[in-house]
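Fold and geometry: a report
Next come the chains, spelled out residue by residue.
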Amino acid sequence: MEPSEVKIGFIGAGNMAFGITKGILLSGGVLPRNVTVSAPSSNNLGRFQELGAAVTHSNTEAVAASRLIFLAVKPHLVPAILREVAPHVTREHVVVSVAAGVTIATLEELLPPESVVLRLMPNLPCMVQEGALLFSRGSRAGPGEGALLKTLLGPCGLVEEGPESWIDAHTGLSGSGVAFVYLFAEALADGGVKMGMPSALAQRIAAQTVLGAGRLLRDSGRHPAQLRSDVCTPGGTTIYGLHALELGGLRAAVMGAVEAATERARELG
Ligand code: NAD
């Protein structure tokens, strides 16, 4: 099935649903009239209407109007909502859950036996179409459903498929990793302020430095160690700064942060 023909529903109208909707609509591959979003409050729905999507307060209406359904509500609401919509889910539907910590086994248990389920873990930069998304297919989702999801979500950022056991590591590396990068950016800017630069300027330059370094890393396809080594003139400024970071244990601290966040995701799952 062509992405332009797929009818897409969102249960939940929060930030994640909006980021994904914006990505799939801005690409032009999906028609706004083929998207239906449901949420109990009208407050959350206005911005989806501005994108041209249909909106409703009825989750079952969103399911009936769609073939691909994104479940984008807080994890604790998932069981009640799936019980509500389950009688309307048929073998024609594909259910994609973004709820953190809700396993494929739980989703399949709450839905009718023939349901096709995928679990997707996005991260916040989906809001600006630069997300890092990892999905896993449930027991009845085939490669076709995986390929469709990959094509549809392509405009939201990097989309990869992997076993469900990687989802918690992805949460630690990329979901929480966004906050680790913000901490680094804040520290870069603070360093600039310490050395006499005005704070607002230091923040703008730190943000651009993180963005530029990230784009170069992604677009060059080179290993970060190669790019880092290119910046190091023998006896120059960068190698002096890198030595200070190594003495501060940055590398071990970041690896430890990903490990701690992954372990926490496992505990919460
Ligand atoms: P959010 O609080 O912004 O949005 C939740 C939405 O659910 C709201 O629009 C709310 O009106 C709606 N809702 C509440 N009760 C409902 C009901 N009974 N029926 C239908 N809709 C209902 O949350 P979010 O940040 O968009 O997160 C949504 C899901 O995405 C969560 O499960 C979260 O774990 C997951 N997630 C979020 C992020 C992130 O960075 N925000 C990253 C990965 C995964």
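What you see is a predicted model, and the numbers here were worked out from it, not measured in a lab.

Around the ligand, 23 residues are found, and the nearest of them are Ala13, Met16, Asn44, Asn59 and Val73. Within the backbone of Gly14, a nitrogen or oxygen atom sits 3.1 Å from an oxygen atom of the ligand. Interatomic distance of 3.0 Å between a backbone N/O atom of Ala100 and an oxygen atom of the ligand. Coverage of the ligand by the protein chains reaches 77% of its 830 Å² of free accessible surface. Broken down by class, the residue content of the shell around the ligand amounts to 16 nonpolar, six polar and one charged.

Our next topic: the nonpolar core. If you look at the biggest cluster of nonpolar residues, it comprises 35 residues, and the most contacted ones within it are Ile8, Phe10, Phe70, Leu120 and Leu153. The set of elements that each furnish at least two residues to this core consists of strand 1 (8-11), helix 1 (15-26), strand 2 (35-38), strand 4 (68-71), strand 5 (94-97), strand 6 (116-121), strand 7 (131-137) and helix 6 (143-153). The element that contributes the greatest number of residues to this core is helix 1, accounting for five residues. Core analysis: the second largest hydrophobic core is formed by 17 residues, Val85, Val95, Leu110 and Leu111 among them.

Where helix 7 (residues 167-175) meets helix 8 (residues 177-194), the axes come as close as 4 Å, and the angle between the chain directions of the two elements is 25°. For the element pair helix 7 / helix 8, the angle class is roughly parallel. In this structure, helix 7 uses Thr171, Gly172, Leu173, Ser174 and Gly175 to contact helix 8, whose residues at the interface are Gly177, Val178 and Phe180. Residues belonging to the contact of helix 7 with helix 8 are distributed by class as follows: three nonpolar, five polar and no charged.

Here we come to the pairing of strand 6. Counting buried positions over the six residues of strand 6 gives six, a clear majority of the element. Of the two faces of strand 6, the one holding Val116, Leu118 and Leu120 and the one holding Val117, Arg119 and Met121 are both buried throughout. Relative to strand 7, strand 6 runs antiparallel, the two sharing four bridges. Bridging across to strand 7, Arg119 finds its partner in Ser136.

A complete count under the given rule lists two aromatic pairs for this structure. For the ring pair Phe10 and Phe70, a centre distance of 4.9 Å and an interplane angle of 10° mean the geometry is stacked. Taken together, the residues span a long stretch of sequence, with Phe10 in strand 1 and Phe70 in strand 4 at a distance of 60 residues. Ring geometry for Phe18 and Phe48: centres 5.3 Å apart, planes at 85°, overall edge-to-face. One end of the pair, Phe18, is in helix 1; the other, Phe48, is in helix 2 (residues 46-50), and 30 residues separate them in sequence. By relative accessible area, which is 0% here, Phe48 ends up buried. When the ring centre of Phe18 is taken as reference, the NZ or CZ atom of Arg47 above it lies at 4.4 Å.

Moving on: the sheet that holds strand 6. Spatially, eight strands are ordered 3-2-1-4-5-6-7-8 in an open sheet, and the strand pairing comes out mixed. Two strands bound the open sheet, and with one partner strand each, they are strand 3 (54-56) and strand 8 (157-161). For this sheet, the mean angle separating the axes of adjacent strands, direction not counted, is 20°. As paired elements, strand 1 and strand 4 share four bridges and run parallel to each other. Bridging across to strand 4, Phe10 finds its partner in Phe70. This element, helix 6, spans strand 1, strand 4, strand 5, strand 6, strand 7 and strand 8 of the sheet and lies at about 165° to strand 7.

The next point concerns the pattern of salt bridges. Enumeration according to the criterion identifies nine salt bridges in this entry. Measuring nitrogen to oxygen at the nearest pair gives 2.9 Å for the salt bridge that ties Arg218 to Asp219.

What follows is about a nonpolar patch on the surface. Taken together, the side chains of Phe184, Leu188, Leu245, Leu250 and Val254 present a nonpolar region at the surface, about 370 Å² in accessible area. Broken down by secondary-structure element, the contributors of at least two residues to the nonpolar patch are helix 8 and helix 12 (250-268). Residue placement: Val254 occurs in helix 12.

A few words on the confidence of the model for the protein. A residue-level look at the protein finds 100% of positions with pLDDT of 70 or above and a mean pLDDT of 96. The ipTM for the predicted assembly is 0.97, set against a pTM of 0.93.

What counts as what
- Residues numbered from 1 in each chain as written.
- Predicted model: local features only at pLDDT ≥ 70, side-chain atom pairs only at ≥ 80, totals over all residues.
- Heavy atoms only, no water.
- Near = heavy atom within 4 Å.
- Polar contact = N/O pair within 3.5 Å; in protein donor to acceptor, adjacent residues only side chain to side chain.
- Areas by Shrake-Rupley, 256 points an atom, 1.4 Å probe, with all protein chains shown as cover.
- Nonpolar A, V, L, I, M, F, W, Y, C, P; charged D, E, K, R; others polar.
- Core = buried A, V, L, I, M, F, W, Y, C linked by side-chain atoms within 4.5 Å.
- Buried < 20%, exposed > 50% of the residue type's maximum accessible area, 1.4 Å probe, protein only.
- Helix = DSSP H or I, 4+ residues; strand = E, 2+ residues; numbered from the N terminus.
- Axes fitted to C-alpha atoms, helices over the stretch in contact; angles between N-to-C directions.
- Parallel < 35°, antiparallel > 145°, perpendicular 65-115°, else oblique.
- Contact = heavy atoms within 4.5 Å.
- Pairing = 2+ DSSP bridges.
- Phe/Tyr/Trp six-rings, centres within 6.5 Å; stacked < 30°, edge-to-face > 60°.
- Lys NZ or Arg CZ within 6 Å of the ring centre and 35° of its normal.
- Salt bridge = Lys/Arg side-chain N within 4 Å of Asp/Glu carboxyl O.
- Patch = residues over 30% accessible without salt bridge, like charges linked within 9 Å, V, L, I, M, F, W, Y side chains within 5 Å.
- pLDDT = per-residue confidence, 0-100.

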